[in-house]
Amino acid sequence: MKIAFIGQPNAGKSTLFNGIAGYKTITANFPGQTVHYTVSKVTVADETFEIVDLPGIYSLTAIDKAELESRKFILSGQAHVIINVIDASTLSRSLELTLQLTELQVPMVICLNMIDEARRKGIEINLEKLSNIFGVPVIETIANKGIGLDRIFTSAKEAFYKNLIPQIQNFHKDIEEKINEIERIIPAEFLPKIPRRYIAVKLLEGDTELFEEISIYPEFLSKINEVREEIKLSHGRHADTVISSERHALTMNIFEEIAKVGEPNKTLREKIDDLLTNRYLGYPLLFFILFGIFFIVFEIGKFIEEPLINKFDLIIQKLPQYVTEGSLMFFIFKGLLEGFSGGLGVAIPYLIPFFIGLTILEDIGYLPRMAFLMDTVMHRIGLHGKSVLPFIVSYGCNVPGVMATRILESPRDRFITATLSIFVPCAARTTVIFGLIGAYIGGFAAAGLYIFNIFIIMILGAILTKFIPEITPGLIMEIPPLRIPTFKNVFMKTWLRLKDFMLVAWPLLVISSIILSLLEYFKLDMFLNQLFSPIVNLILGLPEQTGITLLFGILRKELSMIMLFQAMDTTNLSTVMTKIQLIVFTIFTIFYIPCVGTMGALIRELGAKKTFLITALSIAMALILSILARLIFSIFL
Amino acid sequence: MKTLMNIDNGKKVKILKISGGKSIRQHLQCLGIHIGDIVTLKKSSFLGGPVLLEVNGYDVALGKGVASKIEVEEVE
């Protein structure tokens, strides 16, 4: 049995999903062209359930790309049972989606999640009444505490075997007549598997996707436009507004029937929330929170890194005792050890605290508040507050950062935000900044480099906006209540993100390190270095040996630093490179070519042509900035 | 005509008109903001920044572009 979790964004679908899919089952990501939903198999009492976690969707009229993907899945008819996950504290609004889901005529279960938050807001819900209205099972859950999860499967089974198809709630008579009128004339071969009523209602609402699809039936199309005009004339409002008001009125009626709203408990949370988005204090708090996270990440990372790296250095030094120095085996072992230690010693100590910090910020709900605070600033670079989210995620890794641009409504915003995102120093580049600038020049220089980076991104944003003028409506975003992150969820998310690094990036690091070692053995490295010498040596003024490390940096940015030690044959770079060279090298690494993973994400989100454009831009930027840095610092240092 | 941009903090307002295209209207409807609804302005615009609304017990942020397209009247 295939069950799909459908609900509005932030209703707790994924928390429910993780709660029942657990650690035991294999979760698979299906990164199709744009689809990004998670499927998992769970066996309960001899029955296997395939559960699908879809991106949140406010309505079946999709607004952004992620919502469109969810809608496609729902309409594909693959799900045997729909679990409509509702944030009980926003019940009145959430029921609007429920009404639309009834039109799909698939067995359904209504799951009222976060019932504790609803109670805190003073909302009491009568489950029996709700269940009677729609004719489907209704359950209560508190997903983050694991309460009520066991009932999901039993009620899904009940809905499936008893074929509990939700009851359609009727609009006013005149609108129902119009819906019937259209239902009757829908060509039989048009989307035959989708209920006629759903199509009729969506067409009355002027759904963009469906309108494109029916353009092949010109007569039908003109009839629909006729009916829409009739509604506009009789109601004095656009047909889509009329339908939406009808739905709104219906949900308000249902809400009043099933829920009692008492006095909300004003809590400490509201006070903290008020402070976080305060027009004066919000900004220094934002600065301290971000700065605090970077500081903690840096300190913890350094604390773990140093003893680990020392251990590995010792092993590498002892290597000639076991394998003949200079032999092929020696080079392979050396590469293997260096790659292994690069992942374990340099990347992971910084990644773990960073992922924990990011997850906590996400789970508390601070990111949307940042978007609110930064809206005005983002307008300066032709974007709006929501673009802050991909940027912040990009500080962890550009790949999810680029993917997060899906939350933006217009293709223009997605393009500009994705372009700017790839210049955000990800965790990999952070290790380069700390490992080279932080270690050899100082913490302030490293911090300065971050500020310089933000400055450049803002200038680039302003320039891009000049070329692609603003047409976006601006920020429209729900700000969810502050929540206390649970230990389990933070642990799980950090683990999932870390697993990604360990399974994909780390092996790549080890393999590249071995390849570099082999190149060295066959003396091919000199040839490659000479090839890049005009750029590396003449233009950037870097030692010739760095050419090959920059080449490897395209795979993973931290490779260029890890390999730098290997290529320069030292553990103390300050003996072989000047401060200016270190700065130029780091700046070049930050800005040039997005790594392979990011390029893959860009191709998926924007297409090959735009990816090529962005890549070319990044190389130009890296060259210009590095040359400028070289010139300016030669004067001052 | 007053829009959401010129209302003080903490005031309750009734939404009279939403100008702008279909996409804005639909987006606002999805978030539960309809003509005739009564909402509370939790944080008013500061230096042309966004506003924060409370709609039926949850918060929605609107940038100035959108907020200036929503005509409202103060209610008590």
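Note that the structure is a prediction, hence the values are computed from the model and not measured. Within each chain, residue numbers correspond to sequence positions counted from 1 in written order. Chains carry letters and ligands carry numbers; both start at the beginning, A for chains and 1 for ligands, and go up in the order they are written. Thresholds applied to this predicted model are a pLDDT of at least 70 for local features of residues and 80 or more for the giving and counting of side-chain atom pairs; totals over whole chains, interfaces and linings are not thresholded and use all residues. The side-chain values count all of the structure's non-hydrogen atoms but skip hydrogen atoms and water molecules.

Peer 1: Looking at this model, I keep getting lost on the overall build of chain B. Mind explaining?
Peer 2: If you tally the helices and strands in chain B, you get 2 helices and 5 strands. In sequence order, chain B lays out its α and β elements as β-α-β-β-β-α-β. Expected size for 76 residues packed as a compact globule is a radius of gyration near 11 Å; at 11 Å, chain B falls within 12% of this value. Considering chain B as a whole, with its 76 residues, one finds that 53% of them fall into the buried category. For chain B, contacts bridging at least 24 residues in sequence account for 61% of all contacts bridging at least 6. Note that accessible areas follow from Shrake-Rupley with a 1.4 Å probe, and for residues the cover is restricted to the protein chains shown. Accessible surface computed for chain B: about 3,000 Å², of which carbon and sulfur atoms make up 49%. In DSSP terms, a helix is any run of H or I states spanning at least four residues, a strand is any run of E spanning at least two, and both are numbered starting from the N terminus. Atoms considered for the radius of gyration are the C-alpha atoms alone. The globule rule reads 2.2 Å times the number of residues to the power 0.38. Only protein chains enter the accessibility calculation, which uses a 1.4 Å probe; a residue is then buried when its area is under 20% of its type maximum, exposed when over 50%, and partly exposed in between. We call two residues in contact whenever any of their non-hydrogen atoms come within 4.5 Å of each other.

Peer 1: Just checking my understanding: could you explain the overall build of chain A for this structure?
Peer 2: Within chain A one finds 27 helices and 10 strands. Expected size for 637 residues packed as a compact globule is a radius of gyration near 26 Å; at 28 Å, chain A falls within 12% of this value. Viewed in the frame of its principal axes, chain A has a C-alpha envelope of about 85 × 55 × 55 Å. Counting the 637 residues in chain A, one finds 55% classified as buried.

Peer 1: Got a minute to help me understand the packing of helix H18 (residues 411–421) of chain A against helix H20 (residues 443–467) of chain A in this structure?
Peer 2: A pair of packed helices is characterised by two quantities: the angle between their axes and the separation of those axes. Residue and element names in this part refer to chain A. Between N-to-C directions, angles span 0 to 180 degrees; the directions come from axes that are lines fitted to C-alpha atoms, helices contributing only their stretch in contact. One can describe the packing of H18 onto H20 by two numbers: an axis separation of 10 Å at closest approach and a directional angle of 150 degrees. Between H18 and H20, the crossing angle belongs to the class labelled roughly antiparallel. Handedness of the H18/H20 crossing: right-handed. Packed against H18, whose contacting residues are Arg-412, Ile-416, Thr-419 and Leu-420, the element H20 presents Ile-457, Leu-460, Gly-461, Leu-464 and Thr-465 at the interface. Roughly parallel covers angles under 35 degrees, roughly antiparallel covers those over 145, roughly perpendicular covers 65 to 115, and oblique covers all other angles. The crossing is said to be left-handed when, going from far helix to near helix, the turn is anticlockwise and less than a right angle, and right-handed when the turn is clockwise.

Peer 1: Would you explain the environment of Ile-165 of chain A in this entry?
Peer 2: Within the fold, Ile-165 of chain A resides in the loop between helix H6 (150–161) and helix H7 (173–185). Spatially, the C-alpha atoms of Ile-165 of chain A and Val-39 of chain A are 23 Å apart, while their sequence positions differ by 126 residues.

Peer 1: What exactly am I supposed to notice about the domain arrangement of chain A here?
Peer 2: Size of an interface: often given as the accessible area lost when the parts come together. On domain assignment, one finds that chain A holds domain 1 (2–161), domain 2 (173–261) and domain 3 (282–636). Where each domain starts and ends follows an automatic or database-derived domain assignment. Centre-to-centre separation of domain 2 of chain A and domain 3 of chain A, based on C-alpha positions: 49 Å.

Peer 1: Quick question: what am I supposed to make of the interface of chain A and chain B here?
Peer 2: Facing 38 residues of chain A, the contacting portion of chain B comprises 34 residues. When chain A packs against chain B, the two sides together hide about 3,100 Å² of surface, and 57% of this comes from carbon and sulfur. We define a salt bridge as a side-chain nitrogen of Lys or Arg found within 4 Å of a carboxyl oxygen belonging to Asp or Glu. Our count for the chain A to chain B interface comes out at 2 salt bridges. Lys-43 of chain B is the salt-bridge partner of Asp-274 of chain A, the closest N and O atoms lying 3.2 Å from each other. In protein, a polar contact requires one atom able to donate a hydrogen and another able to accept it; more generally it is a pair of N or O atoms within 3.5 Å, and residues adjacent in sequence count only if both atoms are side-chain atoms. Inspection of the region where chain A meets chain B yields 13 residue pairs in polar contact (both at pLDDT 80 or more). Where the side of chain A that touches chain B is concerned, the elements lending two or more residues are helix H3 (91–102), helix H11 (239–258), helix H12 (268–276), helix H15 (366–380) and strand S10 (476–479) of chain A. The term buried area means the drop in 1.4 Å probe accessible area that two parts suffer when joined, counted for both and summed.

Peer 1: Please clarify how the side chain of Ser-560 of chain A should be interpreted in this entry.
Peer 2: Residues and elements named next belong to chain A. Summarising the element assignment, Ser-560 is placed in helix H24 (residues 557–568). Within polar-contact distance, the side chain of Ser-560 engages the backbone oxygen of Lys-557 at 2.7 Å. With residues up to four places along the chain from it excluded, the contact list for Ser-560 reads Thr-549, Leu-550, Gly-553, Phe-585 and Thr-589.

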